[in-house]
Amino acid sequence: MRKSTLFLCLFLILAVGLSSCSQTTNPQPKYIVQVSMGTFSQQYYSADEVIARLEEVTKIIPLEKVLIGWSLDQNTYRRVGEYLHSKGIQMILYLPIFAETEEITSARKAVDLWGNTPALYGKGGFCFTCPTDTINYLDLISVYEQYFSDIPFDGVFLDRIRTQSFVGGVSGILSCGCEQCKARYNALGVDLDSVKLRYEQKGDHFFNVTNYTPKSGFIFEDKLAADFLEAKGRIIADEIKKISNYFHDRNMIVGLDLYAPLLAQFVGQDYERLAQICDFIKPMLYRCTYAPAGISYEYDLLRQNLPNATGYPDFQWDVNFLKGQLEAFGDLPCAKYPGIEIVYNEDIAPTTDEYILESLRAVRDFGYDGTVLSWSIMWVPNEHIQLLKKL
């Protein structure tokens, strides 16, 4: 073989290799969108409206999955499913578990350690049910089997898989305290009467912390506070495992909606336990949302409700904070689709082009499986979807 021919072959091999490397390090972004169809008793959109909107979006960006729910009209889901599957897009049923189910389940309301229902105040507070009440699981499964089991969903996305947050004050965090939950906590070595007494004795200082890292969360000065929150996370995970197993037995994907790592331990969301029982997680990394699940909104409520508790740092809600939160769940054994809000609302989600792009670039740079574009795609301005072409 001539040297010139050899050099040409080597050049072509190198060029193909470099091209392949380029494609590997810069894969096409994978996006999931949500469609909030309404409540169990009210539907906001027709099938035609949803399909028209998704057609509009798919002309701008590729979609991998659509999370849709949770109104009950079966024909709507069948038609939307036909449309999505014709495009190779998965349809995932959006399903609440421990809140917003009062229309369809007879589960008991959650109560705090004093037997009271946590107050609902602030923006968008939800009434939560007892997480250990078996009727909640049975009723939800019954609703699924009656209304959704004949529809070709590829999976389910479980929402409201937590207890109340500081939206319900300290009462919301110190729940549920019913007799059934007391027994579950006792089995895990935590006596809820002792937790109540300790809080009454120490007040805000019951929640004093000595350290915080995104990976480990808050380290509590009082071991009983730490044990209570750890047990709450185990109880929630055990209950969600039952539901997850039900859907996995039907060969369906299971996704979970999670608070940001900063706040998750207060509402009973143990990332490591939950990651073992699902296929993907959607951490709600909402730095520009001033409503429940918004990081700064919830953290402000924590500090307002615990004004004398010590050890809680002042955070800057910048991209470096976001990167810390992203790093916190990087080694979990499930797919990761961080949720970034690209919706716009002047009062509760005043997102900007800069915010959206820096957030999505941070997710991309971590090499995660994709991004959930939040909130409902029906409300997102097209200008914000067009921004994604710049990534």
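Our subject in this report is the structure included herewith. None of the values given here were measured: they were computed from a predicted structure.

Reading the values: rules and limits
Residues numbered from 1 in each chain as written. Predicted model: local features only at pLDDT ≥ 70, side-chain atom pairs only at ≥ 80, totals over all residues. Heavy atoms only, no water. Helix = DSSP H or I, 4+ residues; strand = E, 2+ residues; numbered from the N terminus. Rg over C-alpha atoms; globule rule 2.2 N^0.38 Å. Contact = heavy atoms within 4.5 Å. Axes fitted to C-alpha atoms, helices over the stretch in contact; angles between N-to-C directions. Parallel < 35°, antiparallel > 145°, perpendicular 65-115°, else oblique. Left-handed = near helix turned anticlockwise from the far one by under 90°. Nonpolar A, V, L, I, M, F, W, Y, C, P; charged D, E, K, R; others polar. Pairing = 2+ DSSP bridges. Phe/Tyr/Trp six-rings, centres within 6.5 Å; stacked < 30°, edge-to-face > 60°. Buried < 20%, exposed > 50% of the residue type's maximum accessible area, 1.4 Å probe, protein only. Core = buried A, V, L, I, M, F, W, Y, C linked by side-chain atoms within 4.5 Å. Polar contact = N/O pair within 3.5 Å; in protein donor to acceptor, adjacent residues only side chain to side chain.

## Regarding the overall build of the protein
Each helix and strand counted, the protein has 14 helices and 11 strands in total. For the protein, the C-alpha radius of gyration of 23 Å lies close to 21 Å, the compact-globule estimate for 391 residues. Structurally, the protein occupies a C-alpha span of about 85 × 50 × 40 Å along its principal axes. For the protein, restricting intrachain contacts to residue pairs at least 6 apart in sequence, the fraction spanning at least 24 positions comes to 80%.

## Looking at the packing of helix H4 (residues 134-148) against helix H8 (residues 223-248)
Viewed as axis vectors pointing N to C, H4 and H8 meet at an angle of 25°, and their least axial separation amounts to 11 Å. Relative to H8, H4 is oriented roughly parallel. Pair H4 / H8 crosses with right-handed handedness. Residues Tyr137, Ile141, Tyr144 and Glu145 of H4 form the contact with H8, whose participating residues are Lys242, Ile243, Tyr246 and Phe247. Residues of the contact of H4 with H8, tallied by class, amount to 6 nonpolar, no polar and 2 charged.

## Topic: the pairing of strand S5 (residues 209-213)
Here S5 runs beside strand S6 (residues 217-220); their pairing, made up of 4 bridges, is antiparallel. Residue Tyr212 lies in a different strand from S6, and its bridge partner there is Phe218. Connecting S5 to the next strand, S6, in antiparallel fashion are 3 residues.

## Comments concerning the packing of aromatic side chains
Taken as a whole and assessed by the stated rule, the structure comprises 33 aromatic pairs. Ring geometry for Trp114 versus Tyr199: centroids 5.9 Å apart, planes at 70°, classification edge-to-face. Taken as a pair, Trp114 in the loop between strand S3 (90-96) and H4 and Tyr199 in helix H7 (residues 192-202) lie far apart in primary sequence, 85 residues in all. Taking the centre distance of 5.7 Å and the plane angle of 75° together, the rings of Tyr299 and Trp317 count as edge-to-face. With Tyr299 in helix H11 (residues 295-305) and Trp317 in the loop between H11 and helix H12 (319-328), this residue pair connects regions lying 18 residues apart in the sequence. The buried category is assigned to Tyr299, whose relative accessible area is 1%. An aromatic cluster is built from Phe166, Tyr212, Phe218, Phe220, Phe266, Tyr299, Tyr312, Phe315, Trp317 and Phe321, whose rings are joined through pairwise contacts.

## Notes on the nonpolar core
Counting residues in hydrophobic clusters, the biggest one holds 141 residues, and the most contacted among them are Leu54, Ile68, Leu158, Phe207, Ile240, Phe266 and Tyr312. Counting residues per element, this core draws most heavily on H8, at 12 residues. If we ignore the near neighbours within four places in the chain, the residues touching Leu54 are Val33, Val35, Leu63, Val66, Val80, Tyr83, Leu84 and Ile377.

## Digging into H12
Taken residue by residue, H12 has Phe321, Leu322, Gly324, Gln325, Leu326 and Ala328 as its buried positions. Those residues of H12 that are buried lie in contact with S5, helix H9 (261-264), H11 and helix H13 (353-365). The opening residue of H12, the one whose side-chain oxygen lies 3.2 Å from the backbone nitrogen of Asn320, is Asp318.

## Overview of unusual backbone geometry
With an omega of 5°, the peptide bond between Gly69 and Trp70 qualifies as cis. For the bond from Ser374 to Trp375, the omega torsion is -5°, close enough to zero to count as cis. Tracing the backbone through its elements, the reader meets Trp375 in strand S11 (residues 371-376). Even without glycine at this site, Asn251 takes up a positive phi of about 55°. We note that Ala293 has phi near 85°; this positive angle belongs to a residue other than glycine. For Ala293, the location among the structural elements is in the loop between strand S8 (280-284) and H11. With a relative accessible area of 8%, Ala293 lands in the buried category.

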